[in-house]
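Examination of the molecular architecture
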Amino acid sequence: MPQLSALTSYQSIYVFIAIVVTIAALYFSRGPAHAAIRSLTRVIHSAMRLGAASLFHAEQKLAARNREVLLAAGREAAEQKIEREFDRMDKSVQRDLAECPTLQRRMNEQIARIEEDHQRSTDVPPSPPGWTNAVEAVANIPSKGDPMVANILDKIHESLVEAQNKARDAYRAVSKERHENLKKMRPNWRALQHSVDQMDKNVRSLLGRAKTIDRYVEDYEEIQKGSDRAIRNLHSSSLTNFFVSGLFCAIAIGGAFINFHLIARPMSEMVGGSNAIGAFRIADIAAMVIILVEISMGLFLMESLRFTRLFPVIGALPDKMRVRMLWFAFGLLLCLATIEAGLAFMREILMHDELATSAALRGQTSQVVFASDFLWITTVAQMGMGFILPFALTFVAIPLESFVAATRTVLGLMLQGFLKALAVCLRVLGSVIYQLGNVLVEIYDLIVFLPLWLERMIKANGGSARKGSKTATAREVF
Amino acid sequence: MKRIISIVALLAVFGLAGCGEPQPTSRGVYMLMDTSGTYTKELKKAQDIINAILTKLDTGDTFAVARIDTGSFSEKDILAKVTFDDRPSMANQEKRRFRDTINQYVKRVRPSRYTDITGGLLQASEFLNEKNTGAKTILIFSDLDEDLKKGHIRDIALALDGFEVVALNVTKLNKDIVDPRIYLERLSRWQAKVESGGGKWKVINDIDRLEQIILN
């Protein structure tokens, strides 16, 4: 026990001496150590700042590139929209305004007919004969009881009444004719009204299209200017497209997965169930190839129909060739869909065979009762699915195109964000390391605080002593 | 264009590298049925096991059933063997035929005087190695009480690397009931024999769970 305590005291002395020596060494190397710590942290800080600056620069370049790509995509989309709208307007103008001369001619004819009818309706009735005034004057002569005169006057009166009746009848006939003419004017008026309405409708439709084109052109101008509003709109549109088309692509993958399971099993009856390439059975690969070929044919079909523009070569083909390609793709798709329906039927047969075998091996032959009356439902359903799914998968081309277009933008944005975050992290880390250098210097001084304190004391005493001796010398001088 | 060509060439190189000698993925099962003495009474269970295995096996797999008798190291002891056709429909027919063959055998089985399990194991390993299946399983439906005819030499090291040997329905004999150490010693002796040959050893006595355990 005493030996142990002696050993401990020796160890304490050694430790003490080691501490003293270390502190002394640290004290004497204080200046270079401070410089080394500061240099090291400064170097790391500078490197990180440099790295952050490079990343910021790269991020800005990427942002500019993304902006360019986004604007180019937006420009293309806007051009397509405007082109399509102009196309519609062109058709509308050709359809509606091409009828304008005919319409105008028809309207002129109708107006001429109306004028003619109007002219006819305004004709005045024939005036009564001129001798009526003379007869009236004679009729006003007083008869004074002369029967001869009275007789003459009666005759004149009768003649007058007869003439008046004739004139009235003639007037009535003319009026009737005039009314008939006015009546004939009515359908012409209506036709004219219809023509004017049609013209108004056409013009309004054209004005509506013109407004739409104006709006698209405004958007296009914004894109051409590269304004922030346009960029914001395009970003938002790209993100929406990305998520929506991604969702539809996921649905299509689900459809393809179901399709695969529908044909993978019977495919083993055709290409064998035990052969494999690597970890994949050839039957599975064959089923997958069929589905991929179907999707490819669907893409070509959509391209040929100009619903999508994934392959510019197909879009640029002459119309005749494009239509041929369309029918070829459709024919192949139809064949594959029919094969799939057959495979789905085969699958049902195989399943029943396998169930029957398993039941027989388990000795359950008597217990297995197939509801054969209802089996046709599942068979028909499977065959229907096998036939319809290839055509349904055709439409994946549309979301796929949007997805491909939007992915470029979204990936660019994500990379941009990543670079920015990395640059900020480097910057912050650099600053932390720089400040850490100061902290390390302070800690270093804290370790050698005793010699430092002594140094300061000595300096202070030496200073005051020097000051004291200087004062004495001055006194002596004075 | 150069870039595209280089990518295509790289893919082709990787593709060709992947198309080397294909590793067999099929399964091979060889079942040894003990037909000695009173164990023939257990053959009904063996039939159930065979049927269960048949339901589990797929196209391209190999299955053979052989009896354990006086001298089991012989092709003549193989009762039925099949490598299932690539087409599932044909494989199903083969399974039915296989079942019928075994049923026929069980009906007319005669107990053998001796029990040559080691010879059966040698025959099984030889058969499965010839078939070159991916997974090799030997099922021994026996009480593992080997009884060799005088003159038969079976003190041979087994080469069972890559094999899984499963002892099924290892029944307890009268002497085992009297002294369980005999039973345990018998099991451990067989385990040592199989494992010294590089094989894996397993014992399954719960036949009800057999279908879930084997070939999974």
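It should be emphasised that the depicted structure is a prediction, and the values quoted were computed from it without experimental measurement.

**A short note on the overall build of chain B**
- Along the backbone of chain B there are seven helices and six strands.
- When the helices and strands of chain B are listed from N to C terminus, the series reads α-β-α-β-β-α-α-β-β-α-α-β-α.
- For chain B, the proportion of its 216 residues judged to be buried stands at 36%.
- When contacts within chain B are restricted to residue pairs at least 6 apart in sequence, long-range pairs at least 24 apart make up 81% of them.

**Here's the deal with the overall build of chain A**
- Within chain A, the regular secondary structure consists of twelve helices and two strands.
- In chain A, the order of α-helices and β-strands from amino to carboxyl end is α-α-α-α-α-α-β-β-α-α-α-α-α-α.
- Buried residues in chain A amount to 18% of all 478 residues.
- Sequence-distant contacts in chain A: of pairs separated by 6 or more residues, those separated by 24 or more amount to 83%.

**Side note on the packing of helix H6 (residues 228-271) of chain A against helix H9 (residues 319-361) of chain A**
All names here are of chain A.
- Direction vectors running N to C along H6 and H9 enclose 75°, while the axes themselves pass 8 Å from each other. When the axis of H6 is compared with that of H9, the two are roughly perpendicular. Residues Leu262, Ile263, Arg265, Pro266, Met267 and Glu269 of H6 pack against Glu340, Leu343, Ala344, Met346, Arg347 and Leu350 of H9.
- Tallied by class, residues from the contact of H6 with H9 come to eight nonpolar, no polar and four charged.

**Brief notes about the sheet that holds strand S6 (residues 200-204) of chain B**
Residue and element names in this part refer to chain B.
- If you trace the six strands from one edge of the open sheet to the other, you get S3-S2-S1-S4-S5-S6, paired in mixed fashion. Strands at the two margins of the open sheet, each flanked by one partner only, are strand S3 (78-83) and S6. The average angle at which neighbouring strand axes cross in this sheet is 15°, direction not considered.
- Two elements, strand S1 (residues 27-34) and strand S4 (residues 135-141), share seven bridges in a ladder whose sense is parallel.

**Observations regarding the environment of A:Arg190**
- Looking at the element boundaries, A:Arg190 is found in helix H5 (residues 147-225).
- Spatially, the C-alpha atom of A:Arg190 lies 9.8 Å from that of A:Gln110, the residues being 80 residues apart in sequence.

**Considering the nonpolar core**
- Formed by 42 residues in total, the largest nonpolar core has its most connected members in B:Tyr30, B:Met31, B:Leu32, B:Ile138, B:Leu139, B:Ile140 and B:Phe141.
- Only S1, helix H2 (43-56), strand S2 (62-68), helix H3 (88-107), helix H4 (117-131), S4, strand S5 (163-168) and helix H6 (180-196) of chain B provide two or more residues apiece to this core.
- Top contributing element to this core by residue count: H2(B), with six residues.
- Within the second largest apolar cluster, 34 residues are counted, among which are A:Ala264, A:Ile291, A:Phe300 and A:Leu301.

**Considering the interface of chain A and chain B**
- Every contact between the two is made by 16 residues of chain A and, on the other side, 18 residues of chain B.
- Among the secondary structure elements, those contributing two or more residues to the side of chain A that touches chain B are H6 and H9 of chain A.
- Broken down by element, the side of chain A that touches chain B gets its largest block of residues, seven residues, from H9(A).
- A class-by-class count of the residues in the side of chain A that touches chain B yields four nonpolar, eight polar and four charged.

**Here's the deal with the pairing of S5(B)**
Residue and element names in this part refer to chain B.
- The element S5 is extensively covered by neighbouring structure, given that five of its six residues are classed as buried.
- By the bridge criterion, six bridges tie S4 to S5 in an arrangement that is parallel. Its bridge partner being in S5, Ile138 is matched across the sheet by Val165.

**As for the environment of A:Met385**
All names here are of chain A.
- Counting through the fold element by element, Met385 comes out in helix H10 (residues 372-394).
- Taking the C-alpha atoms as reference points, Met385 and Glu340, 45 residues apart in sequence, are found 8.7 Å from one another.
- If we skip the residues at most four places from it in the chain, Met385 touches Leu262 and Ala344.

**Details of unusual backbone geometry**
- Of note in the backbone geometry, B:Asn132 takes a positive phi value of approximately 55° without being a glycine.
- Considering the arrangement of structural elements, one finds B:Asn132 in the loop between H4 and S4.

**Considerations on the environment of A:Phe260**
- Following the sequence through the fold, A:Phe260 ends up in helix H6.
- Setting aside residues up to four positions removed in sequence, A:Phe260 forms contacts with A:Ala287, A:Met288 and A:Ile291.

**Side note on the confidence of the model for chain B**
All names here are of chain B.
- Averaged over every residue, the pLDDT of chain B is 83; the share at 70 or more is 85%.
- Mean pLDDT across the elements of chain B bottoms out in helix H1 (residues 2-18) (46) and peaks in S2 (93).
- Predicted confidence for residues 1-11 stays below pLDDT 50, and this span has zero contacts to residues more than four positions away or in other chains.
- Across the predicted assembly, pTM comes out at 0.63 and ipTM at 0.73.

**Overview of H4(B)**
Residues and elements named next belong to chain B.
- Helix length check: H4, at 15 residues, gives a terminal C-alpha distance of 21 Å against a target of 21 Å (1.5 Å per residue), a fit within 8%.
- Regarding H4, the residues found buried are Ile117, Thr118, Gly119, Gly120, Leu121, Gln123, Ala124, Ser125, Phe127 and Leu128.
- In the core, the buried residues of H4 are packed alongside S1, S2, S4 and S5.
- At the exit of H4 stands Asn132, carrying a positive phi of roughly 55°.

**Topic: the packing of H9(A) against H3(B)**
- Where H9(A) contacts H3(B), the axes come no closer than 10 Å and their chain directions differ by 15°. When the axis of H9(A) is compared with that of H3(B), the two are roughly parallel. Considering the relative orientation of H9(A) and H3(B), their crossing is left-handed. Listed contacts from H3(B) to A:Leu350, A:Asp353, A:Glu354, A:Thr357, A:Ala360 and A:Leu361 of H9(A) are B:Pro88, B:Ser89, B:Asn92, B:Lys95, B:Arg96 and B:Arg99.
- Looking at the contact of H9(A) with H3(B), its residues break down into four nonpolar, three polar and five charged.

Calculation notes
- Residue positions are counted from 1 within each chain, in the order its sequence is given.
- Chain labels run from A onward and ligand labels from 1 onward, assigned in the order the entries are written.
- In keeping with the model being predicted, local features are shown solely for residues with a pLDDT of at least 70 and side-chain atom pairs are shown and tallied solely at 80 or more, while totals for entire chains, interfaces and linings include all residues.
- Each helix is a run of H or I in the DSSP string that is no shorter than four residues. Each strand is a run of E no shorter than two, and both are numbered from the N terminus.
- For the exposure call, what matters is how many other C-beta atoms sit within 10 Å of a residue's own: 20 or more marks it buried, 12 or fewer exposed, and in between partly exposed, using C-beta atoms placed from the backbone.
- This entry defines residue contacts through backbone-placed C-beta atoms, with two residues in contact when those atoms are within 7 Å.
- Each axis is a line fitted through C-alpha atoms, and for a helix only the stretch in contact is used; angles between axes span 0 to 180 degrees, taken between their N-to-C directions.
- Roughly parallel means an angle under 35 degrees; roughly antiparallel means over 145; roughly perpendicular covers 65 to 115; every other angle is labelled oblique.
- Residues are sorted three ways: Asp, Glu, Lys and Arg are charged, Ala, Val, Leu, Ile, Met, Phe, Trp, Tyr, Cys and Pro are nonpolar, and all the rest, Gly among them, are polar.
- Strands were regarded as paired on the criterion that DSSP finds at least two bridges between them.
- Put simply, a nonpolar core is buried Ala, Val, Leu, Ile, Met, Phe, Trp, Tyr and Cys residues tied into one set by C-beta atoms within 7 Å.
- pLDDT runs from 0 to 100 and stands for how confident the predictor is about each residue.
- In this analysis, the expected span of each helix is defined as 1.5 Å times one less than the number of residues it contains.
- Crossings are assigned a handedness: left-handed for a near helix turned anticlockwise from the far helix by less than a right angle, right-handed for a clockwise turn.

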